[in-house]
Amino acid sequence: MKLRRDVFQAIADPTRRTIITLVAASAMTPSAIAENFDYSRQTISKHIQILTECELLKQEQKGREIYYELNLDGMKEIADFIEPFRQLWDDRFNTLEAVMKAQIHENKK
Amino acid sequence: MEQKTKIDAQEGKQELTITRVFNLPVELVYKAYTEAEYVAQWMGTTVLKLENKNHGSYAFETSHEGNVMFKANGTIHKLIPNQEIVRTFEMENMPIGVQLEFLNFEKINEDKSKLTIQIIYKSEKHRAEQLKLPFAYGLNMAHNGLQEILEPKI
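Residues numbered from 1 in each chain as written. Chains lettered and ligands numbered in written order. Predicted model: local features only at pLDDT ≥ 70, side-chain atom pairs only at ≥ 80, totals over all residues.

Colleague: If you had to explain the overall build of chain A to someone new, which residues and values would you point to?
Modeller: If you tally the helices and strands in chain A, you get five helices and two strands. For chain A, the succession of helices and strands along the chain, N to C, is α-α-α-α-β-β-α. Each of the 109 residues in chain A was classed as buried or not, and the buried ones make up 24%. Residue pairs in contact within chain A that sit at least 24 positions apart in sequence constitute 49% of those at least 6 positions apart. (Helix = DSSP H or I, 4+ residues; strand = E, 2+ residues; numbered from the N terminus. Buried ≥ 20, exposed ≤ 12 C-beta atoms within 10 Å, placed from the backbone. Contact = placed C-beta atoms within 7 Å.)

Dropping the structure here:
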């Protein structure tokens, strides 16, 4: 359970959450990540280090550059990360239901 | 309480299935997918094109403060009104690639219906790219407590 607590601490910080969101879309170099923030490169490096230690990010060497990407291997079960995907669809379908129900009421008028 | 929306994504597969039971007649769920006005409303996007015919195509675009945030398009392979849609779907500038979607619309009773969407990706890796996007957005949502967040529509 140690990993879970660490992961929770890692994502408790808004800057680290933004980094996760950035690298979830595509693998990025530390400098590309830092460009998205007003903080010093060192501050961002520290955040990246914490995320890597918590196994949320993983490094990949491409030529002379190191890229960081979201590490899904750290999550053993697919169920661990499928819930946000399910919720996203649930919200969207709830909207669909509401939109079409409003349509029924509109027609009854 | 049983969840209204279910996701079945098995380990090692390149597909997933989404099922949802709606408190709506099946005709209305089908309409929500085939009439531009409704698609725009529930998906929160602008429908640039939606040709509801075999081999027709469609395109969506979402802008926020004048910037295009999301673009998607696809081809409708086959349509059977109130029963089935077979189509491709692709989000532009995303590493997820083209996906093949089988949408099945089922009537449960006059006011209840079930939608089953089977999505097939190019590979298991492409499916993982799809799954991890909302994972990151989900984190932001959970921690910022935001009701509304700019999220890519899948």
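Colleague: Could you give an account of the sheet that holds strand β4 (residues 56–64) of chain B, naming the residues involved and the relevant values?
Modeller: Residue and element names in this part refer to chain B. On the basis of which strands lie adjacent, the open sheet formed by eight strands has the order β1-β2-β8-β7-β6-β5-β4-β3 and antiparallel pairing. Every other strand in the sheet has two partners, leaving β1 (5–8) and β3 (46–50) as the edge strands with one partner each. Within this sheet the neighbouring strands show an average axis-to-axis angle of 20°, counted without direction. One ladder, built from six bridges, connects strand β5 (residues 67–80) with strand β6 (residues 84–91); its direction is antiparallel. Residue pairing across strands places Leu79 opposite Ile85, the latter belonging to β6. Helix α2 (residues 36–43) contacts β3 and β4 of the sheet and is inclined by roughly 145° relative to β3. (Pairing = 2+ DSSP bridges. Axes fitted to C-alpha atoms, helices over the stretch in contact; angles between N-to-C directions.)

Colleague: An account of the packing of helix α2 (residues 14–25) of chain A against helix α4 (residues 41–53) of chain A is needed here, citing residue identities and associated values.
Modeller: Residue and element names in this part refer to chain A. One can describe the packing of α2 onto α4 by two numbers: an axis separation of 10 Å at closest approach and a directional angle of 70°. As summarised for this structure, α2 and α4 are arranged roughly perpendicular, according to the angle between their axes. Here Thr15, Arg16, Ile19 and Ile20 of α2 come into contact with α4, specifically with His47, Ile48, Ile50 and Leu51. Split into classes, the residues belonging to the contact of α2 with α4 amount to five nonpolar, two polar and one charged. (Parallel < 35°, antiparallel > 145°, perpendicular 65-115°, else oblique. Nonpolar A, V, L, I, M, F, W, Y, C, P; charged D, E, K, R; others polar.)

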